[in-house]
Amino acid sequence: MEIDSPLPGTEPPRDCSRCPRLVALRQECQAEHPDWWNAPVPAFGDPDAWLALAGLAPGKHGANRTGRPFTGDYAGDLLFRALAAFGLSRGDYDARIDDGLTLDGAIIVNSVKCLPPQNKPAPAEIANCRPFFERQLAALPKVRVIVALGRIAHDAVLRARGARLAAHPFAHGAVHALPDGRHLVDSYHCSRYNTNTGRLTPEMFADVCRTALALHEEGV
């Protein structure tokens, strides 16, 4: 199976070897599920997007299985439903890479491209993947707003854009002006854990989308 990236030239190789722990897990998954994607997951969406959604990393039964960010696990249900509600997608999300879904004005880029154990990448693994993440943000000149899904993505965006972490603390719904003129909007990650515990509700996530849209419409 081959998957075309909307940002060619920015992705790690399919057999990327930068992170030994992630490579070992990838090989375990390849042995257990040879029909899965089991490789760094490319970006998904519109290369001319005004909105970038910065995710954490592929989920085992979601993106690591299907090869598309947030596709095939619970987090994608909330995320893609919200993007559809705000006119940022075309087609119907059906948790399959061949469901015909496309994004319009939005793109998803993960701060870590490979599946980490327990969905928790180590600091060194985040740093190893940073060049790809930075390259992708740099390849999106029309992006004016970035929504960070969780603290790790928030920190990755700040580092990629040369902003001080201490000056921009993570908080759900917070808006941060970045040195390059873009704006960063924080959200709790739309994981099953956060939604099941009530830490993140669909309305809370919709509010984040409204904030992003307002920033875009104001042209700030």
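Cut-offs used in this document
- Note that residues are indexed from 1 along each chain, following the sequence as it is written.
- Restriction of local features to residues with pLDDT of at least 70 applies here, the model being predicted, together with a cutoff of 80 or more for giving and counting side-chain atom pairs; totals for whole chains, interfaces and linings are based on all residues.
- Excluded from the side-chain calculations are hydrogens and water; all other atoms, namely the structure's heavy atoms, are used.
- Only DSSP runs of H or I reaching four residues or more are called helices, and only runs of E reaching two or more are called strands; each is numbered from the N terminus.
- Exposure categories follow from relative accessible area, calculated using a 1.4 Å probe and restricted to protein chains: below 20% of the type maximum is buried, above 50% is exposed, and the middle band is partly exposed.
- Here, residues are in contact when the closest pair of their heavy atoms is within 4.5 Å.
- Computed with a 1.4 Å probe, the accessible areas rest on the Shrake-Rupley method; for each residue, only the protein chains presented here act as cover.
- Positive charge is attributed to Lys and Arg, negative charge to Asp and Glu, and no charge count is given to His or to the chain ends.
- Throughout, a charge is located at the NZ atom of Lys, the CZ atom of Arg, the CG atom of Asp or the CD atom of Glu.
- A helix's residues, less one, multiplied by 1.5 Å, set its expected span.
- Here a strand pair is declared whenever DSSP counts at least two bridges between the two strands.
- Note on geometry: axes are lines fitted to C-alpha atoms, helical ones only across the stretch in contact, with angles between N-to-C directions running from 0 to 180 degrees.
- Pairs were defined over the aromatic rings of Phe, Tyr and Trp, the Trp ring being its six-membered one, requiring ring centres within 6.5 Å. Orientation was assigned from the angle between planes: stacked under 30 degrees, edge-to-face over 60, tilted for the rest.
- A ring has a charge above it when a Lys NZ or an Arg CZ is no more than 6 Å from the ring centre and no more than 35 degrees off the ring normal.
- Residue types Ala, Val, Leu, Ile, Met, Phe, Trp, Tyr and Cys, when buried and joined through side-chain atoms within 4.5 Å, form a set referred to as a nonpolar core.
- The working definition used for a salt bridge is a side-chain nitrogen of Lys or Arg within 4 Å of a carboxyl oxygen of Asp or Glu.

Enquirer: Go over the overall build of the protein with me, naming the residues and quoting the values.
Expert: When you go through the protein residue by residue, the secondary structure sums to seven helices and eight strands. If one aligns the C-alpha atoms of the protein with their principal axes, the spans along those axes are about 50 × 35 × 35 Å. With 220 residues in all, the protein has 53% of them scored as buried. Pairs at least 24 apart in sequence give 67% of the contacts found in the protein among residues at least 6 apart. Accessible surface, the protein as shown: approximately 9,800 Å² in total, 51% of it carbon and sulfur. In the protein, 24 positive and 25 negative side-chain charges are present, and the distance between their average locations comes to 6 Å.

Enquirer: Quick rundown of helix α7 (residues 202-218)? Include the residues and the values.
Expert: Along an α-helix, residues three or four apart share an orientation, since each turn contains 3.6 residues. The terminal C-alpha atoms of α7 lie 24 Å apart, and with 17 residues this matches the ideal 24 Å at 1.5 Å per residue to within 8%. In this fold, the buried residues of α7 make contact with β2 (51-55), α3 (74-85), β6 (145-149), β7 (175-177) and β8 (183-187). Directly beyond the C-terminal end of α7, a positive phi value near 70° is found at Gly 219.

Enquirer: A description of the sheet that holds β8 should follow, citing residues and the corresponding values.
Expert: Strand order in the open sheet formed by six strands is β1-β5-β2-β6-β8-β7, and the pairing between neighbours is mixed. The open sheet terminates on both sides in strands that have one partner only, identified here as β1 (44-45) and β7. Bridging between β7 and β8 involves three bridges; their strand directions are antiparallel. In the sheet register, Val 175 faces β8, and the bridge partner there is Val 185. Contacts from helix α4 (residues 123-138) reach β2, β5 (106-110) and β6, with the element oriented near 165° to β5.

Enquirer: Go over the packing of aromatic side chains, please, and point to the residues and values.
Expert: Within this structure, the stated rule accounts for three aromatic pairs. Both rings, one in Phe 44 and one in Phe 80, keep their centres 6.4 Å apart while their planes meet at 75°; by these two values the pair is edge-to-face. Of the two residues, Phe 44 is situated in strand β1 and Phe 80 in helix α3; the sequence distance between them amounts to 36 residues. Here the aromatic rings of Phe 170 and Tyr 188 are separated by 6.1 Å at their centres, their planes lie at 55°, and the arrangement is tilted. Pair noted here: Phe 170 is in the loop between α5 (151-160) and β7 and Tyr 188 is in the loop between β8 and α6 (192-196), with a separation of 18 residues, a long-range link. Tyr 188 matches Phe 170 in its accessibility class, with the two residues each being buried. Here the aromatic cluster, defined as three or more aromatic residues joined through ring pairs, consists of Phe 44, Phe 80 and Tyr 93. Across the ring face of Phe 44, the terminal group of Arg 68 is positioned such that the distance to the ring centre comes to 4.8 Å. We note Arg 68 situated over the ring of Phe 80; from NZ or CZ to the ring centre the distance is 5.9 Å.

Enquirer: Describe the nonpolar core, and please don't skip the residues or the numbers.
Expert: With 30 residues, the main nonpolar core has Leu 51 and Phe 80 as its most contacted residues. Breaking this core down by element, the ones donating at least two residues are β2, α3, β5, β6 and α7. In terms of residue count, the dominant contributor to this core is α3 (six residues). With near-sequence residues (within four places) excluded, Phe 80 lies in contact with Phe 44, Pro 69, Phe 70, Thr 71, Tyr 93, Leu 101, Leu 103 and Ile 108.

Enquirer: Kindly report on the environment of Ala 138, identifying the contributing residues and their values.
Expert: Tracing the backbone shows Ala 138 in helix α4. On the basis of relative accessibility, which here comes to 55%, the residue Ala 138 falls in the exposed class.

Enquirer: Hey, could you go over the pattern of salt bridges for me, with residue numbers and the actual values?
Expert: Inspection of every chain in the model, using the stated rule, returns twelve salt bridges. Ionic pairing is found between Arg 151 and Asp 155, a salt bridge with its closest N-O pair at 3.1 Å. Taken together, the positions of Arg 151 and Asp 155, both in helix α5 and four residues apart, correspond to about one turn of that helix. Each of Asp 94, Arg 96 and Asp 98 takes part in salt bridges that share partners, so that together they form one network.

Enquirer: Now, about the environment of Arg 144: what can you tell me, with residues and values included?
Expert: You can see Arg 144 is positioned in the loop between α4 and β6. Between the C-alpha atom of Arg 144 and that of Gly 219, which follows or precedes it by 75 residues, the distance is 8.3 Å. When near neighbours in sequence (up to four residues on either side) are disregarded, Arg 144 contacts Trp 50, Asp 180, Gly 181, Arg 182 and His 183.

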